[in-house]
Amino acid sequence: AIVKIWADALAYLAGNERSAARLQVEIQIDGLEGIATEVQENIDGAWWETFGFSGAAGRRLWLLKNFVASAVDIKELLYVVKSCVKAEDFDYPDFDADGHPQRNEHKEFWQKLRNTAEDLASETSVLTWALLKTFQDGDISSQEIAYIEKHLRRVKERQGNLVGAFLEA
């Protein structure tokens, strides 16, 4: 759900005008609360299956529990995203005295950020799915650790790229 929210929010911001898509992003973000609660309840209710996180199934459950806790932390950031998406008016150009449209600052700004923002979202999606795949067996191999660390470095690099693009815009 979080990966889809990021993709939908970025697609909306890349647009040229306000649309109902902003409401869809809002609904998705608001729906995270219910999803997080349901997943947490399922994890909490499964403790007896693993005898309190023992064995491979217990490790898997413990990893998922920590992943969900991290995802819930991200939810707070998504409320900021929701506010930005809802408030964006796409700087509809004003018209000068001769009736010519003035520059559209949103479009200019977003053109400078779009590729780096989408690149960050894409790499974050790869990392998210890698983490979930790793948790399936409850054991994290050295190859999986190396893969996760590589993509974590790539996410951090892309965060820096986005900050740089923002500062240049």
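Sequence order as written defines the numbering, with residues in each chain counted from 1. Where totals are concerned, whole chains, interfaces and linings use all residues; where local detail is concerned, this predicted model gives features only for residues with pLDDT of at least 70, and gives and counts side-chain atom pairs only at 80 or more. Only hydrogens and water are set aside when side-chain values are computed; all heavy atoms of the structure are taken into account.

1. Points about the overall build of the chain
Okay, so step 1: Helix and strand assignments come from DSSP, with helices taken as H or I runs of at least 4 residues and strands as E runs of at least 2, each series counted from the N terminus. Summing up its helical and strand segments, the chain has 6 helices and 0 strands in all.
Okay, so step 2: Traced from its N-terminal end to its C-terminal end, the chain shows the element sequence α-α-α-α-α-α.
Okay, so step 3: A compact globule built from 169 residues should have a C-alpha radius of gyration of about 15 Å, whereas the chain, at 20 Å, is more than 25% larger.
Okay, so step 4: The C-alpha extent of the chain, read off along each of the three principal axes, is 75 × 35 × 15 Å.
Okay, so step 5: Accessibility here uses a 1.4 Å probe with only protein chains present; expressed as a share of the type maximum, an area under 20% marks a residue as buried, one over 50% as exposed, and anything in between as partly exposed. Within the chain, the fraction of its 169 residues that count as buried is 27%.
Okay, so step 6: Counting contacts in the chain only where the partners sit at least 6 residues apart, residues at least 24 apart contribute 71% of the total.
Okay, so step 7: Per-residue and other accessible areas follow the Shrake-Rupley method at a 1.4 Å probe size, with only the shown protein chains counted as cover for residues. When the accessible surface of the chain is totalled, it reaches about 10,800 Å², and 57% of it is carbon and sulfur.
Okay, so step 8: Residues counted as positive are Lys and Arg, residues counted as negative are Asp and Glu, and His and the chain ends are not counted. The atoms used to mark charge sites are NZ of Lys, CZ of Arg, CG of Asp and CD of Glu. Averaging the coordinates of the 19 positive side-chain charges in the chain and doing the same for the 28 negative ones gives two points 5 Å apart. Atoms counted for the radius of gyration: C-alpha only. Globule rule: 2.2 Å times the number of residues to the power 0.38. Contact definition: two residues touch when any of their heavy atoms are within 4.5 Å.

2. Thoughts on the nonpolar core
Okay, so step 1: Of all hydrophobic cores here, the largest spans 18 residues; its most connected members are L78, V85 and W110.
Okay, so step 2: At the level of secondary structure, the elements contributing two or more residues to this core comprise α1 (2–13), α2 (21–45), α4 (55–87) and α5 (105–135).
Okay, so step 3: Counting residues per element, this core draws most heavily on α1, which supplies 6 residues.
Okay, so step 4: Setting aside chain neighbours within four positions, we find W110 in contact with L10, L13, A14 and A117. As used here, the term nonpolar core means buried Ala, Val, Leu, Ile, Met, Phe, Trp, Tyr and Cys residues forming a set that is joined through side-chain atoms within 4.5 Å.

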